[in-house]
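Structure assessment
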Amino acid sequence: MARASGGNPEPPRRVQKTEAEWRAQLSEEEYRVTRQAGTERAFSSEMCSLFEPGIYACVCCGTELFDAGHKFESHSGWPSFTQPLKDNVVACKMDNSHGMQRVENTCNVCDAHLGHVFPDGPPPTGLRFCMNAVALKKVG
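Since the model is a prediction, treat every value here as computed from it, not as a measurement.

Counting 30 residues, the largest nonpolar core has L65, F66, C107 and C110 as the members making the most contacts within it. Sorting the residues of this core by element identifies β1 (55-58), β2 (64-67), β5 (90-95), β6 (102-107), β7 (113-118) and β8 (128-131) as the ones contributing at least two each. C107 has contacts with C58, C61, T63, L65, V89, A112 and L114, leaving out every residue within four places of it along the chain.

This is the structure:
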């Protein structure tokens, strides 16, 4: 959470595309959430209740972001994880929109909006990475 104001680690690589290229690649909902910092409706994805082993990647660039072994039932309506797969794949920044002060998570490789992180998760981190399911794809 301190990274939101103190800087993020260098990403493993960078992916940059034009808005036209992102629109051509993504569905309308994927584009709205990931490129325009939208939020999907709570409980709108079956991903919340899937707890099979595997890896979740960014829907935009394919960067592996979360391991299903760090996924937990948060009852929030969005898939939740205790930590990213690696320290340098998820970026944090302050988000003061909608009259709230939160920490936004983006893909550190392509800047896709993923969701937010909150300090109310289970051990060992005490964090809840609350992600939009539409921003993720299961790859393994």
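Counting across every chain of the model gives three aromatic pairs. Aromatic side chains F66 and F81 sit 4.4 Å apart centroid to centroid with 20° between the ring planes, which places their arrangement in the stacked category. One end of the pair, F66, is in strand β2; the other, F81, is in strand β4 (residues 80-81), and 15 residues separate them in sequence. Take F66: its relative accessible area is 0%, and that puts it in the buried class. Ring centres of F66 and F129 lie 6.0 Å apart, and the angle between their planes is 55°; this geometry places the pair in the tilted category. Within this pair, whereas F66 is found in strand β2, its partner F129 is found in strand β8, the two being separated by 63 residues in sequence. Looking at F129, the relative accessible area reads 6%, which means it is buried. Through a chain of ring-to-ring contacts, the aromatic side chains of Y56, F66, F81 and F129 assemble into a single cluster. For R35, the ring lying beneath its charged end belongs to W22, and the centroid distance is 4.0 Å.

Before going further, it helps to spend a moment on helix α3 (residues 28-36). Three or more residues of α3 are buried, namely E30, Y31, V33 and T34. Positive phi shows up at A37, right after α3, with a value of about 55°.

A separate point is unusual backbone geometry. The peptide bond linking P123 to P124 adopts the cis configuration, its omega dihedral lying at 10°. Within the fold, P124 resides in the loop between β7 and β8. The phi dihedral of F43 falls on the positive side, at around 60°, and the residue is not glycine. By the secondary structure assignment, F43 is in the loop between α3 and β1. Phi is positive for H75, which is not a glycine, with a value near 60°.

The rules we used
- Residues numbered from 1 in each chain as written.
- Predicted model: local features only at pLDDT ≥ 70, side-chain atom pairs only at ≥ 80, totals over all residues.
- Heavy atoms only, no water.
- Core = buried A, V, L, I, M, F, W, Y, C linked by side-chain atoms within 4.5 Å.
- Buried < 20%, exposed > 50% of the residue type's maximum accessible area, 1.4 Å probe, protein only.
- Helix = DSSP H or I, 4+ residues; strand = E, 2+ residues; numbered from the N terminus.
- Contact = heavy atoms within 4.5 Å.
- Phe/Tyr/Trp six-rings, centres within 6.5 Å; stacked < 30°, edge-to-face > 60°.
- Lys NZ or Arg CZ within 6 Å of the ring centre and 35° of its normal.

The values are spatial; any link to function lies outside them.
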